[in-house]
Amino acid sequence: MGIVVYGSPSDWNDTRMTKLYTKFGDKGSTFSLGLKEVGKHHCVIHTCGELDELSALIGVMIQSFYDLADRPAFLAHWEDKLYSRRIGDFDKDIVLEFWSGIQTVLLDIGSVVTWLPKEPKLSHPYKAGIWVSIFEEMIDEIDSQCPPLTQFILPSGTPLSAQLHYLRTVVRRAERSMSQSIAELSGMYFTQSIFQCQEVQEGLQFLNRFSDFLFVLARYYNTSLQLGDQEPNRLNREQHPIR
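Fair warning: this is a prediction, and the values are worked out from it, not measured in the lab.

Conventions and cut-offs
- Residues numbered from 1 in each chain as written.
- Predicted model: local features only at pLDDT ≥ 70, side-chain atom pairs only at ≥ 80, totals over all residues.
- Heavy atoms only, no water.
- Phe/Tyr/Trp six-rings, centres within 6.5 Å; stacked < 30°, edge-to-face > 60°.
- Buried < 20%, exposed > 50% of the residue type's maximum accessible area, 1.4 Å probe, protein only.
- Helix = DSSP H or I, 4+ residues; strand = E, 2+ residues; numbered from the N terminus.
- Contact = heavy atoms within 4.5 Å.
- Core = buried A, V, L, I, M, F, W, Y, C linked by side-chain atoms within 4.5 Å.
- Polar contact = N/O pair within 3.5 Å; in protein donor to acceptor, adjacent residues only side chain to side chain.
- Salt bridge = Lys/Arg side-chain N within 4 Å of Asp/Glu carboxyl O.

Asks: An account of the packing of aromatic side chains is requested, with residue identities and associated values reported.
Replies: All chains considered together, the criterion is met by 11 aromatic pairs. Judged by centre distance (5.5 Å) and plane angle (85°), the ring pair of Phe98 and Trp99 falls under edge-to-face. No difference in accessibility class separates Phe98 from Trp99, as the two residues are buried. On the basis of an interplanar angle of 55° and a centroid distance of 6.4 Å, the ring pair of Trp99 and Phe210 is categorised as tilted. Of the two residues, Trp99 sits in helix H3 (residues 94-115) while Phe210 sits in helix H7 (residues 198-224), which places them 111 residues apart along the sequence. With respect to class, Trp99 is no different from Phe210; both count as buried. Ring-pair connections join several aromatic residues into one group, and the members of that group are Phe98, Trp99, Trp131, Phe135, Phe206, Phe210 and Phe213.

Have a look at this one:
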(Lines give C-alpha, C1' and ligand atoms only; values in the text may rest on other atoms or scores of the structure.)
Protein backbone atom coordinates (compact mmCIF):
# COMPACT_ATOMS: atom_id res chain seq x y z
CA MET A 1 0.00 0.00 0.00
CA GLY A 2 1.61 3.22 -1.14
CA ILE A 3 0.78 5.41 1.84
CA VAL A 4 2.16 3.16 4.55
CA VAL A 5 5.84 3.05 5.41
CA TYR A 6 7.34 -0.27 4.39
CA GLY A 7 10.44 -2.05 5.56
CA SER A 8 12.33 -2.06 8.82
CA PRO A 9 13.25 1.03 10.88
CA SER A 10 16.72 1.03 9.33
CA ASP A 11 15.10 1.68 5.93
CA TRP A 12 13.08 4.75 6.98
CA ASN A 13 15.78 7.28 6.12
CA ASP A 14 16.01 5.83 2.62
CA THR A 15 13.61 7.53 0.21
CA ARG A 16 13.53 4.49 -2.04
CA MET A 17 11.48 1.36 -1.54
CA THR A 18 14.24 -1.18 -2.13
CA LYS A 19 11.91 -4.19 -2.12
CA LEU A 20 8.24 -4.61 -2.85
CA TYR A 21 8.04 -7.28 -0.16
CA THR A 22 9.90 -7.18 3.16
CA LYS A 23 8.37 -10.13 5.09
CA PHE A 24 8.01 -7.88 8.17
CA GLY A 25 4.24 -8.12 7.82
CA ASP A 26 4.08 -11.90 7.71
CA LYS A 27 3.09 -12.07 11.39
CA GLY A 28 0.46 -9.37 11.27
CA SER A 29 2.56 -6.33 12.10
CA THR A 30 3.89 -3.36 10.16
CA PHE A 31 5.58 -0.01 10.85
CA SER A 32 4.47 3.59 11.09
CA LEU A 33 6.63 6.69 11.48
CA GLY A 34 5.01 7.81 14.71
CA LEU A 35 4.55 4.48 16.48
CA LYS A 36 7.24 2.25 14.93
CA GLU A 37 6.01 -1.36 14.97
CA VAL A 38 2.24 -1.83 15.25
CA GLY A 39 -0.32 -4.49 14.43
CA LYS A 40 -1.98 -4.26 11.04
CA HIS A 41 -5.29 -3.89 12.86
CA HIS A 42 -4.09 -0.66 14.53
CA CYS A 43 -6.28 2.40 13.96
CA VAL A 44 -3.50 4.28 12.13
CA ILE A 45 -3.00 1.45 9.66
CA HIS A 46 -6.76 1.11 9.27
CA THR A 47 -7.03 4.83 8.37
CA CYS A 48 -4.22 4.53 5.85
CA GLY A 49 -6.08 1.64 4.27
CA GLU A 50 -9.25 3.72 3.99
CA LEU A 51 -7.32 6.52 2.27
CA ASP A 52 -5.69 4.03 -0.07
CA GLU A 53 -9.06 2.52 -1.00
CA LEU A 54 -10.43 6.00 -1.62
CA SER A 55 -7.58 6.91 -3.94
CA ALA A 56 -7.93 3.64 -5.84
CA LEU A 57 -11.65 4.25 -6.30
CA ILE A 58 -10.90 7.68 -7.74
CA GLY A 59 -8.56 5.99 -10.21
CA VAL A 60 -11.41 3.74 -11.34
CA MET A 61 -13.89 6.60 -11.51
CA ILE A 62 -11.64 8.87 -13.60
CA GLN A 63 -12.37 6.71 -16.62
CA SER A 64 -16.08 7.43 -16.26
CA PHE A 65 -15.45 11.07 -17.12
CA TYR A 66 -14.46 9.96 -20.62
CA ASP A 67 -17.65 8.03 -21.24
CA LEU A 68 -19.46 10.10 -23.86
CA ALA A 69 -22.82 8.92 -22.56
CA ASP A 70 -22.10 10.58 -19.23
CA ARG A 71 -19.87 13.44 -20.35
CA PRO A 72 -21.29 15.13 -23.47
CA ALA A 73 -19.45 17.98 -25.14
CA PHE A 74 -21.11 20.80 -23.22
CA LEU A 75 -20.19 19.15 -19.90
CA ALA A 76 -16.62 18.57 -21.00
CA HIS A 77 -16.31 22.24 -21.93
CA TRP A 78 -17.77 23.31 -18.59
CA GLU A 79 -15.44 21.01 -16.63
CA ASP A 80 -12.34 22.17 -18.47
CA LYS A 81 -13.27 25.80 -17.92
CA LEU A 82 -14.07 25.33 -14.24
CA TYR A 83 -11.13 23.10 -13.36
CA SER A 84 -8.57 25.20 -15.24
CA ARG A 85 -9.74 28.32 -13.44
CA ARG A 86 -9.00 26.62 -10.14
CA ILE A 87 -5.71 24.82 -10.74
CA GLY A 88 -4.13 26.60 -13.71
CA ASP A 89 -3.34 25.55 -17.25
CA PHE A 90 -1.58 22.27 -17.88
CA ASP A 91 -0.32 20.47 -20.95
CA LYS A 92 -2.02 17.27 -19.85
CA ASP A 93 -5.76 16.71 -19.80
CA ILE A 94 -7.20 19.15 -17.29
CA VAL A 95 -9.72 16.71 -15.80
CA LEU A 96 -7.07 14.04 -15.21
CA GLU A 97 -4.81 16.68 -13.67
CA PHE A 98 -7.58 17.74 -11.30
CA TRP A 99 -8.39 14.26 -10.00
CA SER A 100 -4.77 13.12 -9.80
CA GLY A 101 -4.13 16.26 -7.74
CA ILE A 102 -6.74 15.03 -5.27
CA GLN A 103 -5.11 11.59 -5.18
CA THR A 104 -1.77 13.25 -4.39
CA VAL A 105 -3.26 15.11 -1.43
CA LEU A 106 -4.74 11.84 -0.15
CA LEU A 107 -1.28 10.32 -0.34
CA ASP A 108 0.06 13.23 1.70
CA ILE A 109 -2.73 12.93 4.28
CA GLY A 110 -1.72 9.29 4.62
CA SER A 111 1.81 10.45 5.39
CA VAL A 112 0.46 12.77 8.08
CA VAL A 113 -1.50 9.87 9.59
CA THR A 114 1.56 7.61 9.72
CA TRP A 115 3.31 10.23 11.88
CA LEU A 116 0.58 10.12 14.56
CA PRO A 117 0.75 10.77 17.49
CA LYS A 118 3.73 12.95 16.59
CA GLU A 119 3.66 16.05 14.44
CA PRO A 120 4.43 15.15 10.81
CA LYS A 121 7.76 15.89 9.17
CA LEU A 122 6.98 16.17 5.48
CA SER A 123 9.63 16.67 2.82
CA HIS A 124 7.35 18.44 0.32
CA PRO A 125 4.62 21.11 0.33
CA TYR A 126 1.36 20.04 1.95
CA LYS A 127 -1.55 21.38 -0.12
CA ALA A 128 -4.62 20.07 1.69
CA GLY A 129 -5.52 23.57 2.92
CA ILE A 130 -5.28 25.03 -0.58
CA TRP A 131 -7.65 22.34 -1.87
CA VAL A 132 -10.17 23.16 0.86
CA SER A 133 -10.48 26.64 -0.64
CA ILE A 134 -10.68 25.17 -4.16
CA PHE A 135 -13.50 22.84 -3.13
CA GLU A 136 -15.45 25.63 -1.44
CA GLU A 137 -15.28 27.86 -4.53
CA MET A 138 -16.32 25.01 -6.80
CA ILE A 139 -19.15 23.92 -4.48
CA ASP A 140 -20.61 27.42 -4.49
CA GLU A 141 -20.40 27.71 -8.27
CA ILE A 142 -21.78 24.25 -9.04
CA ASP A 143 -24.54 24.52 -6.44
CA SER A 144 -25.74 27.77 -8.02
CA GLN A 145 -26.53 25.77 -11.18
CA CYS A 146 -28.69 23.20 -9.34
CA PRO A 147 -32.26 23.53 -8.03
CA PRO A 148 -32.59 24.43 -4.32
CA LEU A 149 -32.26 21.39 -2.08
CA THR A 150 -35.36 21.05 0.11
CA GLN A 151 -35.01 17.51 1.48
CA PHE A 152 -32.81 14.44 1.57
CA ILE A 153 -32.28 12.82 -1.82
CA LEU A 154 -31.47 9.27 -2.88
CA PRO A 155 -27.96 8.52 -4.19
CA SER A 156 -28.81 7.59 -7.77
CA GLY A 157 -29.18 8.96 -11.28
CA THR A 158 -26.76 8.61 -14.17
CA PRO A 159 -23.98 5.99 -13.85
CA LEU A 160 -21.48 8.79 -13.24
CA SER A 161 -23.66 10.46 -10.60
CA ALA A 162 -24.15 7.13 -8.84
CA GLN A 163 -20.37 6.59 -8.78
CA LEU A 164 -19.84 10.08 -7.36
CA HIS A 165 -22.35 9.35 -4.60
CA TYR A 166 -20.61 6.06 -3.82
CA LEU A 167 -17.24 7.79 -3.79
CA ARG A 168 -18.70 10.37 -1.39
CA THR A 169 -19.59 7.65 1.12
CA VAL A 170 -16.05 6.24 0.95
CA VAL A 171 -14.66 9.73 1.64
CA ARG A 172 -16.92 10.00 4.68
CA ARG A 173 -15.69 6.63 5.93
CA ALA A 174 -12.07 7.76 5.59
CA GLU A 175 -12.94 10.97 7.45
CA ARG A 176 -14.54 9.01 10.31
CA SER A 177 -11.56 6.67 10.46
CA MET A 178 -9.05 9.53 10.63
CA SER A 179 -11.09 11.27 13.33
CA GLN A 180 -11.25 8.04 15.32
CA SER A 181 -7.48 7.51 15.04
CA ILE A 182 -6.83 11.03 16.31
CA ALA A 183 -9.25 10.59 19.21
CA GLU A 184 -7.86 7.21 20.23
CA LEU A 185 -4.24 8.30 20.11
CA SER A 186 -4.98 11.56 21.92
CA GLY A 187 -6.53 9.62 24.79
CA MET A 188 -3.86 6.91 24.75
CA TYR A 189 -0.95 9.35 24.90
CA PHE A 190 -2.74 12.00 27.00
CA THR A 191 -2.17 14.79 24.52
CA GLN A 192 -4.47 17.16 22.69
CA SER A 193 -1.66 18.56 20.55
CA ILE A 194 -2.64 16.22 17.71
CA PHE A 195 -5.87 18.13 17.21
CA GLN A 196 -4.01 21.46 17.08
CA CYS A 197 -1.57 20.24 14.41
CA GLN A 198 -2.24 22.25 11.22
CA GLU A 199 -1.61 19.32 8.89
CA VAL A 200 -4.07 17.14 10.79
CA GLN A 201 -6.75 19.84 10.87
CA GLU A 202 -6.37 20.56 7.15
CA GLY A 203 -6.49 16.84 6.37
CA LEU A 204 -9.84 16.48 8.12
CA GLN A 205 -11.15 19.65 6.45
CA PHE A 206 -10.04 18.34 3.06
CA LEU A 207 -12.00 15.11 3.47
CA ASN A 208 -15.07 16.97 4.69
CA ARG A 209 -15.13 19.45 1.79
CA PHE A 210 -14.26 16.74 -0.73
CA SER A 211 -17.37 14.77 0.20
CA ASP A 212 -19.49 17.94 -0.10
CA PHE A 213 -17.96 18.61 -3.51
CA LEU A 214 -18.82 15.10 -4.70
CA PHE A 215 -22.41 15.48 -3.49
CA VAL A 216 -23.02 18.71 -5.39
CA LEU A 217 -21.18 17.43 -8.47
CA ALA A 218 -23.41 14.33 -8.55
CA ARG A 219 -26.47 16.59 -8.37
CA TYR A 220 -25.11 18.75 -11.18
CA TYR A 221 -24.67 15.83 -13.57
CA ASN A 222 -28.23 14.68 -12.93
CA THR A 223 -29.55 18.22 -13.32
CA SER A 224 -27.61 18.93 -16.50
CA LEU A 225 -29.00 15.79 -18.13
CA GLN A 226 -32.51 16.74 -16.98
CA LEU A 227 -32.88 13.80 -14.62
CA GLY A 228 -33.12 15.86 -11.47
CA ASP A 229 -32.86 14.54 -7.92
CA GLN A 230 -34.35 11.22 -6.90
CA GLU A 231 -36.52 11.97 -3.88
CA PRO A 232 -37.47 9.40 -1.22
CA ASN A 233 -40.56 7.34 -1.95
CA ARG A 234 -42.92 8.20 0.90
CA LEU A 235 -46.13 6.72 -0.48
CA ASN A 236 -48.35 5.02 2.05
CA ARG A 237 -49.20 1.34 1.69
CA GLU A 238 -52.41 1.99 -0.25
CA GLN A 239 -50.65 4.23 -2.75
CA HIS A 240 -47.58 2.08 -3.20
CA PRO A 241 -47.54 0.04 -6.44
CA ILE A 242 -45.99 -2.94 -4.64
CA ARG A 243 -48.19 -4.25 -1.83
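Asks: So what about the environment of Val170? Which residues, and what values?
Replies: Its location among the elements puts Val170 in helix H5 (residues 159-188). In this structure Val170 comes out as buried when scored by relative accessible area, which is 0%. Separated by 115 residues in sequence, Val170 and Ser55 place their C-alpha atoms 9.8 Å apart. Among residues more than four places away in sequence, those in contact with Val170 are Leu54 and Leu57.

Asks: Lay out the nonpolar core with the relevant residues and their values.
Replies: Formed by 50 residues in total, the largest nonpolar core has its most connected members in Leu54, Trp99, Ile102, Leu164, Phe206, Phe210 and Phe213. Of all the elements in the fold, those that place two or more residues in this core are helix H1 (43-62), H3, helix H4 (128-143), H5 and H7. Sort the elements by how many residues they give to this core and H7 lands first, with 11 residues.

Asks: Describe in detail the environment of Thr158, supporting the description with residues and values.
Replies: Looking at where Thr158 falls in the secondary structure, it is placed in the loop between H4 and H5. According to the relative accessible area criterion, Thr158 is buried, its value standing at 5%. Linking Thr158 and Asn222, residues 64 residues apart in sequence, is a C-alpha distance of 6.4 Å. Polar contacts involving the side chain of Thr158 include one to the main-chain amide nitrogen of Ser161, which spans 3.0 Å.

Asks: Quick rundown of the pattern of salt bridges? Include the residues and the values.
Replies: In this structure the tally under the stated criterion is 6 salt bridges. Ionic pairing is found between Glu50 and Arg173, a salt bridge with its closest N-O pair at 2.5 Å. Linking Glu50 in helix H1 with Arg173 in helix H5, this pair joins segments that are 123 residues apart in sequence. Glu50 gets classed as buried once you look at its relative accessible area, which sits at 7%. A salt bridge links Asp143 to Arg219, with the nearest nitrogen and oxygen atoms 3.9 Å apart. Highlighted residues: Asp143 in helix H4 and Arg219 in helix H7, separated in sequence by 76 residues. Overall, Arg219 belongs to the buried group, its relative accessible area being 1%. Each of Glu50, Glu53 and Arg173 takes part in a single network of salt bridges with overlapping partners.

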